[in-house]
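Chain by chain, the residues run as shown.
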Amino acid sequence: MDVIIPSHSVLFLDAGNTTVKTAVCNRSEWLVSPSFAYNEPEELSQWLVLNNISVSKVVCCSVTHHSPSFIEHALPSTEVLSLNHHHLPASLLDYDTPDTLGMDRFFGCYGAFCTTNRSVIVIDAGTAITIDRMDGEGRFMGGVIMPGVAELKHTLEERAPALPQVKMELPNVWPGKSTNTSLQWGKAGFLKDGIEGALKRFSEQGEESELFITGGDASFVQALINKGVVEHTLIFEGLNAFYTRYLVQG
């Protein structure tokens, strides 16, 4: 069913390390844009026109300094609210360096928490993979930042070009009995063990958490660890819920 978007909408913008994705919401229905490179602001403008969306305000979650220029070129003269750690109530953070916290990590967890009202763990599988927990009171507890799928896949190809290129998948037999399968264990197996090790450490803290996976490589990660619920709109859900609760309603 098509999403009917109000004529003057708040545009939620998730500015990642390499791409920008945006979304607008009518109640619980989301219309999500494709991903845009930072040198493609006109692509966002065209997407908005194509979908007949008139933007009244941009609410932005960014991990890069490129986003202000992108927004200015895509939506000149539009009001922009770029959320950072200063907007977050201290009661929602259990983190030693909030000034360096990537806001996508917080809002991904907040989006998951607002759908469950219980402790959640969120794996965000993008350029980097982050694994974070928010407790049952809605406090961000921190977690892990590790190389993403593409980084693990291509690092050895760049540093050791004599090695063969292999599919990013787990072999059927342990240990690797060929150079190819040994490399697969060193890439896909390394990733699986790293994620599952972090999840095990969280479980040892005692509070049961629901697992969500988001980001461009979410489906790959879910298949790799065979657990978790894939939700591609978590960051937008978190931005919308936080904006409505803390910045609109006050």
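It should be noted that the structure appears before, not after, this text.
Bringing the pairing of strand S9 (residues 140-147) into the picture now. Across seven bridges, the pairing between strand S8 (residues 128-134) and S9 is antiparallel. Looking at S9, one finds that Arg-133 is bridged to Gly-142. From the end of S8 to the start of S9, which pair antiparallel, there are five residues, and Gly-138 there has a positive phi angle of about 85 degrees.

The next subject is the packing of helix H4 (residues 149-159) against helix H5 (residues 179-203). Between H4 and H5, the least distance of the axes is 10 Å, while the angle of their chain directions is 155 degrees. As far as their axial angle goes, H5 and H4 are roughly antiparallel. In terms of crossing hand, the pair formed by H4 and H5 is right-handed. Counting all contacts with H4, which are made through Val-149, Leu-152, Lys-153, Leu-156 and Glu-157, the residues of H5 involved are Leu-183, Lys-187, Phe-190 and Leu-191. For the contact of H4 with H5, the residue count by class is six nonpolar, no polar and three charged.

Another aspect to go through is the side chain of Asp-132. Within the element layout of this structure, Asp-132 appears in strand S8. For Asp-132, a relative accessible area of 1% gives the class buried. There is a polar contact of 3.2 Å between the side chain of Asp-132 and the backbone nitrogen of Gly-143. Those residues in contact with Asp-132 that lie beyond four places of it in its chain are Arg-105, Cys-109, Val-120, Ile-121, Val-122, Phe-140, Gly-142, Gly-143, Val-144 and Phe-202.

Moving on to the packing of aromatic side chains. Scanning the entire structure with this criterion turns up 14 aromatic pairs. Ring centres of Tyr-110 and Phe-113 lie 6.4 Å apart, and the angle between their planes is 35 degrees; on these two criteria the pair is classed as tilted. Here Tyr-110 pairs with Phe-113, and both are found in helix H3 (residues 103-116), just three residues apart, close to one helical turn. Each member of the pair, Tyr-110 as well as Phe-113, is classed as buried. Here a set of aromatic residues connected by ring pairs shows up, and it is made of Tyr-95, Phe-106, Phe-107, Tyr-110, Phe-113, Phe-140, Phe-242 and Tyr-246.

Conventions and cut-offs
Residues numbered from 1 in each chain as written. Predicted model: local features only at pLDDT ≥ 70, side-chain atom pairs only at ≥ 80, totals over all residues. Heavy atoms only, no water. Pairing = 2+ DSSP bridges. Helix = DSSP H or I, 4+ residues; strand = E, 2+ residues; numbered from the N terminus. Axes fitted to C-alpha atoms, helices over the stretch in contact; angles between N-to-C directions. Parallel < 35°, antiparallel > 145°, perpendicular 65-115°, else oblique. Left-handed = near helix turned anticlockwise from the far one by under 90°. Contact = heavy atoms within 4.5 Å. Nonpolar A, V, L, I, M, F, W, Y, C, P; charged D, E, K, R; others polar. Buried < 20%, exposed > 50% of the residue type's maximum accessible area, 1.4 Å probe, protein only. Polar contact = N/O pair within 3.5 Å; in protein donor to acceptor, adjacent residues only side chain to side chain. Phe/Tyr/Trp six-rings, centres within 6.5 Å; stacked < 30°, edge-to-face > 60°.

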